[in-house]
Amino acid sequence: MAKSAQKKARSVTLDATGQYYREMNTEVRELARDGCDEIVLDGINGQRYIADGLVEKVRIVINGVPGNDLGAFMDGPTVIVNDNAQDGVGNTMNSGKIVIRGHAGDVIGYGMRGGKVFVKGNVGYRVGIHMKSYQDQVPIVVAGGRAGDFFGEYMAGGLLVLLGLGDGEGAVAGNYLGTGMHGGTIYVRGEITEHQLGSEVREFPLCADDVKMLADLLAEFASDVEVDLSGVEPDQFKKLQPFSHRPYGNLYCY
Amino acid sequence: MPGNMVTSEFLVNVDHERCRRCKRCILNCGFGVFDFQNMTTADSSKCVACHRCVVFCPEEAITITRNPLAFREHPSWDVDKRKAIWKQAQTPGMILTGMGNDLPWLNVFDHLLIDACQVTNPSIDPLREPMELRTYLGRKPDSLKVERDDGKFKLDSKVANNIKLDIPIMFSGMSYGSVSLNTHRALAIAAEELGTVMNTGEGGLHKELYPYRDHIIVQCASGRFGVHSEYLNAGVAVEIKVGQGAKPGIGGHLPGEKIGKEVSSTRMIPQGTDALSPAPHHDIYSIEDLRQLIYALKEATGYKPVSVKIAAVHNVAAIASGIARAGADIIYLDGFRGGTGASPAVVRDHVGIPVEIALAVVDQQLRSEGIRNWVSIIAAGGIRSSADVVKAIALGADAVGIGTAALIAMGCRLCQKCYTGNCSWGIATQRPELTGRLDPDWGAERLINLVNSWSLEVKEVLGALGVNAVESLRGNRERLRALGLDESTMDILDVKPAGR
């Protein structure tokens, strides 16, 4: 029998209406260091750098649209955004989770090495550039809608999943998909034509492990971003991978 | 048909009368030149003239000479150009090279002369009088407010964090991966002892070196290798590497062969994969984007100074102004003579401008805009001696960075083969039998000796100039004169010709 009394979960709500990001982030940082379990930020309107470099396992709920570089260099927290997000979400993130219950902007998950970023709606350009995995750290970005150009460029590891839901016609992602990719996997549901793919990328058949992994991931995504995914099945995805891990092995002579 | 049309650059000669067949040369050569079949034999085609065998041969039995093979002279088709064509006709690809630019471009430092006091104002003897070399790097306030409180004076202005250097010389960024861990250890030990800083380069910081945190600048480059919250806080400042003097505008490529277990765990990428640094940071396409990353890093580090390293390029003054206005605390200017572990020769040798020029125009630009105090300027990429240090400071640098000079102190012979990973001196290699050759304490001692020697020389020159602090020389171009520079270069440097 565990004798120790469960520490009472502590939740603090801050009203950030009109507050300058530096002061607000200092408050958030101090609360996280003090062992606060949940920080609710109300009245957010474009404040940048929320949760940057935070290493505590705190849960941060954001009501409003946070500014750029949400969760950059983040290493542990869970961030829930009950609205859209802007550019640079999860920049060079190491671990933790960011859930966006709206759309997100450009450069999501740049250089990300671990953790998850879930976006309910569309994402912009340059999403998942140079994501990389290391040992048990496998970064995952899932977007429910569509994506712009350069999705997964330079990708070295991790998973990018694009569901292609919502309005829109034609291809679900832009051009230069996976250009320079040398690791990781991109799963795309919806129309993609050959000319959109980077020259290092090819479509591979889904295997049983992919289907199981996708089923689990989709269930987690649906529950986090609060979306009904009936009709979305793992076997509807195209699996894109690089066919060389050394795409630039023959560039040089000595 | 001949397999290889490129003739040997050097000839290795073993004097068999002196050779006592100890085979040390075989063990020492990282390039596999030597073999033993009844006697020591040498394959000259593999020799890079790194002199490891020569230095370690107990009998001085080995000599290396430039291959005297005559080529028909041609003023525009020099031998190196012909050799490059033979290589590329044989194997398609860019010619890869290491270390700094080896073409004989004009060196501006070598055309600048330093002033001294005579008769009308006395020089200072640094042996008898204190000489201040201490330098603070970072943003300085536009003005200071001092309050008088109960008869005591109190600073009433918020001052940004600065880095304290006991000497205006720091070690430039060289990544763990391009150089060995023992090289990083030597740099860290020396930086601590000297009261200065080393820079991690873009390959992360090995856990073992975290205790040197007060003497380390951590770098964040486009590949974001080994960059995480703990790492960002493991130094006194963070540097955003935008460009490198040896290869402006292009990314990095550490081949999978150099990514062993330790490099893999420090860079946090799988063993044996290529570590590709994209040419740009894909989250920086503008000065506004740069500002965003600068402040993201400040937020993540409790507002440590942020340095932005750029290669010296044609439009450097305007770019530097943007960097200062983006909120950087330090601008690190890397000239086109800066070293590299690997770069296409075409870029190393033909792209960028000298740091002397870049430094002068950046200092001038920031002064004219009234924002010079917002940033400190580091000049690097071609600092070879204490004279270069003094001239760089007079041209406007707050401090200088040395990379190649530091490696030469530890044994590097400038063979320019860093990219092969075969460095016989144990510096630019990850092969365990080679890295063990560089004893970090020995390397650190040599770095400390070198930098202390330069410090003595800098003090001596300051004394001759009649000033007792490096601060008094900073940006003081009146104390420089040019010899053999053209009008427009002197105008750009804002330096008068000798005799005027």
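Residues numbered from 1 in each chain as written. Chains lettered and ligands numbered in written order. Predicted model: local features only at pLDDT ≥ 70, side-chain atom pairs only at ≥ 80, totals over all residues. Heavy atoms only, no water.

## A short note on the overall build of chain A
The test is simple: Under the DSSP-based scheme used, a helix requires at least four consecutive residues in state H or I and a strand at least two consecutive residues in state E, with every element numbered from the N terminus. Note on method: radius of gyration uses C-alpha positions; expected globular size equals 2.2 Å times residues raised to 0.38. Partly exposed residues are those whose accessible area sits between 20% and 50% of the maximum for their type, while under 20% is buried and over 50% is exposed, using a 1.4 Å probe and protein chains only. The criterion used for residue contact is that any of the two residues' heavy atoms lie within 4.5 Å.
Tallying secondary structure elements over chain A gives two helices and twelve strands in all. Beginning at the N terminus, the succession of helices and strands in chain A can be written as β-α-β-β-β-β-β-β-β-β-β-α-β-β. Taken over the C-alpha trace, chain A has a radius of gyration of 19 Å; the compact-globule value for 254 residues is 18 Å, and the two agree within 12%. Taken over the C-alpha atoms alone, chain A extends approximately 55 × 50 × 45 Å along its principal axes. Relative to its 254 residues, chain A shows a buried fraction of 57%. Within chain A, residue pairs in contact and separated by at least 24 positions form 43% of the contacts whose partners lie at least 6 positions apart.

## A closer look at the domain arrangement of chain A
Residue and element names in this part refer to chain A. Put simply, the rule is: All the domain ranges listed were derived from an automatic or database domain assignment. The term salt bridge refers to a side-chain nitrogen of Lys or Arg lying within 4 Å of a carboxyl oxygen of Asp or Glu.
What the domain assignment reports for chain A is domain 1 (10–78) and domain 2 (84–245). Here the C-alpha centre of domain 2 lies 25 Å away from the C-alpha centre of domain 1. The interface of domain 1 with domain 2 comprises 15 residues on the first partner and 15 residues on the second. Counting the contacts that link domain 1 with domain 2 gives zero salt bridges.

## Notes on the packing of helix H11 (residues 386–395) of chain B against helix H14 (residues 440–465) of chain B
Residue and element names in this part refer to chain B. To be explicit about the condition: Here an angle of 0 to 180 degrees is reported between the N-to-C directions of two axes, which are lines fitted to C-alpha atoms, with helices fitted over the stretch in contact. What sets the label is the angle itself: under 35 degrees gives roughly parallel, over 145 gives roughly antiparallel, 65 to 115 gives roughly perpendicular, and the rest give oblique. For any helix crossing, the convention is left-handed if the near helix is rotated counterclockwise from the far helix by under a right angle, and right-handed if that rotation is clockwise. Each residue gets one of three labels, nonpolar for Ala, Val, Leu, Ile, Met, Phe, Trp, Tyr, Cys and Pro, charged for Asp, Glu, Lys and Arg, and polar for the others, Gly among them.
Relative to each other, H11 and H14 sit at 50°, their axes nearing to 9 Å. In terms of axis orientation, H11 runs oblique to H14. The handedness of the crossing between H11 and H14 is right-handed. Of the residues in H14, those in contact with Ser386, Val389 and Val390 of H11 are Trp454, Glu457, Val458 and Val461. Split by residue class, the contact of H11 with H14 holds five nonpolar, one polar and one charged.

## Let's talk about the pairing of strand E20 (residues 376–380) of chain B
All names here are of chain B. Note the cut-off: Two strands qualify as a pair provided that DSSP identifies no fewer than 2 bridges between them. Here, the term right-handed applies to a crossover whose path from the first strand over the helix to the second runs clockwise when the strands point away from the viewer.
Across the five residues that make up E20, a large majority, five, are buried. Of the two faces of E20, the one carrying Ser376, Ile378 and Ala380 and the one carrying Ile377 and Ala379 are both buried. Bridge count between strand E18 (residues 330–334) and E20: five bridges; the pairing is parallel. Within E20, the residue paired with Leu333 across the bridge is Ala379. Each parallel crossover has a hand, and the one from E20 via H11 to strand E21 (residues 399–402) is right-handed.

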